[in-house]
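# Tertiary structure, described
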Amino acid sequence: MLTVSDFYRIKEQQLLYNQNKSLFYTLTNGRTGLNASEETTRLFKRNLKEVAQFIRATKSEGTYQQLLEDIADKVIRLFIQANQYLDFNHEDHRKLQKIYGDLFEQIYVIGNQKEQMSDKEVECLFHLHYQNLKIFLLESNGTEIFKKYKESPYLFTIKCAEYTPEFQMKLLNIHLDTIKQPVLDIGCGSQANLVRFLRKNGIEAFGIDRNVHTMNYLYKANWLEYTFTPNTWGTVISHMAFSNQFMHHHLRVHGKFELYAKKYMEILESLKIEGSFIYAPGLPFMEELLVSLNKAYVVATQEIDTQNLSNNKTSFSNVNRKHVTKVIRVT
């Protein structure tokens, strides 16, 4: 009998089997390079009934929806791991759950009709599934961002690193004895290194990130969907996160520039009087506009000395906005 641990193990190896392959590269036979692993194929050929029984059991036990949510979360993490500029909202998560729900329903129906699937049937099943994933990515993130992925069967990655608290404090020019509380780290990372460091040193700090596990001071959220409550924060921090994504959408065809501009202003409005939004790299186009049109905020910038940050200088090696910005609310 297929157990929950068996299923998760097979699911994990199946996802890892294709993680470096491109959904958008077309082979000579018209298909992608993604396919079922040998272990997955063997399972459907020899133990199809057990898979169908497992799906039925999760439904009767009330764990089926959680199963879909877990798989959708894992797949989205893999997408973001390959390209940090991919963006998924709550509705996208729901759509991805439905895609995997449809796949499981097909397997369940087939498993109640026959003892096993042929190699060709497994290939067709997964081909349809990967086509659905491809459509999902295009609908959620547009076509422009995936053009490069048509050129090779293997992925090139645009990764997002997590930095040490000490490095972030130094780069952002933040000091424990002067930082205004409470503090919010936008894009704190799955480990929330800076948030944990600040709290360890007696600072009331919180973090939001799409990959962090929710707890009393950490929120798993897409920052475009998160509500920044007015007059709440003493300091808002975002290192290589919000401003990087904002600039990407500013330059990208059909990017979410307006949503980011509105969210930027919402973040500023969430500051207390004399509170500050500190971020890097800078956003010159927004900062110049803010200085000229809004007297409620003071903008200060500081050039980043990449030579003195040699251990991490590659982070900014290709960035032409090499400055830290501190926006202070004065009224």
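Criteria and cut-off values
Residues numbered from 1 in each chain as written. Predicted model: local features only at pLDDT ≥ 70, side-chain atom pairs only at ≥ 80, totals over all residues. Heavy atoms only, no water. Buried < 20%, exposed > 50% of the residue type's maximum accessible area, 1.4 Å probe, protein only. Helix = DSSP H or I, 4+ residues; strand = E, 2+ residues; numbered from the N terminus. Arc of directions from axis to C-beta. Core = buried A, V, L, I, M, F, W, Y, C linked by side-chain atoms within 4.5 Å. Contact = heavy atoms within 4.5 Å. Salt bridge = Lys/Arg side-chain N within 4 Å of Asp/Glu carboxyl O. 1 Å grid on protein atoms, 1.4 Å probe; cavity = no way out; pocket = protein on both sides within 12 Å on 5 of 7 lines; lining within 4 Å. Points joined across faces, edges and corners; volume = space filled by probe spheres on them. Nonpolar A, V, L, I, M, F, W, Y, C, P; charged D, E, K, R; others polar. Pairing = 2+ DSSP bridges. Axes fitted to C-alpha atoms, helices over the stretch in contact; angles between N-to-C directions. pLDDT = per-residue confidence, 0-100. Phe/Tyr/Trp six-rings, centres within 6.5 Å; stacked < 30°, edge-to-face > 60°. Lys NZ or Arg CZ within 6 Å of the ring centre and 35° of its normal.

## A few points about helix H2 (residues 38–46)
Here H2 has its buried residues at Thr-40, Thr-41, Leu-43 and Phe-44. All buried residues of H2 fall inside an arc of 160° around its axis, so they share one side. The outward face of H2, more than 90 degrees from its buried face, is lined by the exposed residues Glu-38 and Arg-46.

## Digging into the nonpolar core
Judged by nonpolar contacts, the single largest core of 53 residues is most densely connected at Ile-186, Phe-242, Tyr-264 and Phe-277. Contacts of Tyr-264, omitting those with residues within four sequence positions, involve Phe-242, Phe-246, Phe-277, Tyr-279, Leu-283, Met-286, Glu-287, Leu-290 and Val-327. Residues Leu-34, Tyr-64, Tyr-85 and Leu-96 belong to the second largest nonpolar core, which totals 44 residues.

## Describing the pattern of salt bridges
The full count for this structure, using the stated rule, is 13 salt bridges. For Lys-59, the salt bridge is made with Glu-105, and the minimal N-O distance between the two is 2.3 Å. Here Lys-59, found in helix H3 (residues 48–61), pairs with Glu-105, found in helix H5 (residues 90–111); they are 46 residues apart in sequence, far enough to count as distant. With relative accessibility at 35%, the residue Lys-59 sits in the partly exposed group. The shortest N-O distance in the salt bridge between Arg-94 and Glu-91 comes to 2.5 Å. With Arg-94 and Glu-91 both in helix H5 and three residues apart, this pair spans about one turn of that helix.

## Let's talk about empty space enclosed by the protein
By the definition in use, this model includes one cavity of 30 Å³ or more. As a volume, the largest cavity reaches approximately 600 Å³. Looking at the lining of the largest cavity residue by residue, the class counts come to 26 nonpolar, seven polar and two charged.

## Examining unusual backbone geometry
Following Gln-181, the chain continues to Pro-182 via a peptide bond in cis, the omega torsion being -5°. Put simply, Ala-280 and Pro-281 share a cis peptide bond, and its omega is -5°. In this structure, Asn-173 is a non-glycine residue whose phi angle is positive, near 60°. Take Asn-173: it is sitting in the loop between helix H7 (165–172) and strand E1 (183–186).

## Observations concerning the sheet that holds strand E7 (residues 323–329)
Strand order in the open sheet made by the seven strands is E3-E2-E1-E4-E5-E7-E6, with mixed pairing throughout. Edge strands, defined here as strands with exactly one partner in the open sheet, are strand E3 (218–220) and strand E6 (297–303). With strand direction ignored, the average angle separating the axes of adjacent strands in the sheet is 15°. With three bridges connecting them, strand E2 (residues 205–209) and E3 associate as parallel partners. Directly across from Asp-209, in E3, lies its bridge partner Lys-220. Running over the sheet, helix H8 (residues 193–200) touches E1, E2, E3 and strand E4 (233–239) and is turned about 170° from E2. Its contacts with the sheet put helix H11 (residues 284–293) on strand E5 (271–280), E6 and E7, and the angle it makes with E6 is roughly 145°.

## A short note on the side chain of Lys-263
Its location among the elements puts Lys-263 in helix H10 (residues 257–269). Excluding residues within four positions of it along the chain, Lys-263 makes contact with Trp-223, Leu-224, Tyr-226, Phe-228 and Phe-242.

## Here we look at the confidence of the model for the protein chain
With 93% of its residues at a pLDDT of 70 or more, the protein chain shows a mean pLDDT of 92. Throughout residues 310–320 the model reports pLDDT below 50, and contacts reaching past four residues in sequence, or to other chains, amount to 15 contacts.

## Digging into H11
Here H11 has its buried residues at Met-286, Glu-287 and Leu-290. Each buried residue of H11 lies within a common arc of 100° when the element is viewed along its axis, so the set occupies one face. Along H11, the residues that are exposed and aim more than 90 degrees away from the buried face are Glu-288 and Leu-293.

## A word on the pairing of E4
The buried fraction of E4 is high, at seven of seven residues. Direction of pairing for E1 relative to E4: parallel, over a ladder of three bridges. When the sheet's bridge partners are listed, Val-183 is paired in E4 with Thr-235. Sheet topology note: the E4/E5 ladder contains six bridges and is parallel. Across the sheet, the residue bridging to Ser-238 is Tyr-279, located in E5.

## Here's the deal with the packing of aromatic side chains
The tally for this structure, following the rule as stated, stands at 26 aromatic pairs. Each ring, one from Phe-24 and one from Phe-146, has its centre 4.5 Å from the other, and the planes form 20°; the classification is stacked. Residue Phe-24 is found in the loop between helix H1 (4–17) and H2, and its partner Phe-146 is found in the loop between helix H6 (119–141) and H7; the two are separated by 122 residues along the sequence. When its relative accessible area of 6% is taken as the criterion, Phe-24 is described as buried. For Phe-146, a relative accessible area of 3% puts it in the buried group. Among the aromatic residues, those joined into a ring-pair cluster are Trp-223, Phe-242, Phe-246, Phe-257, Tyr-260, Tyr-264, Phe-277, Tyr-279 and Phe-285. The ring of Tyr-108 has Lys-59 sitting right over it, with the charged end atom 5.1 Å from the ring centre. Lying over the aromatic face of Phe-206, Arg-199 brings its terminal NZ or CZ to 5.5 Å of the ring centre.

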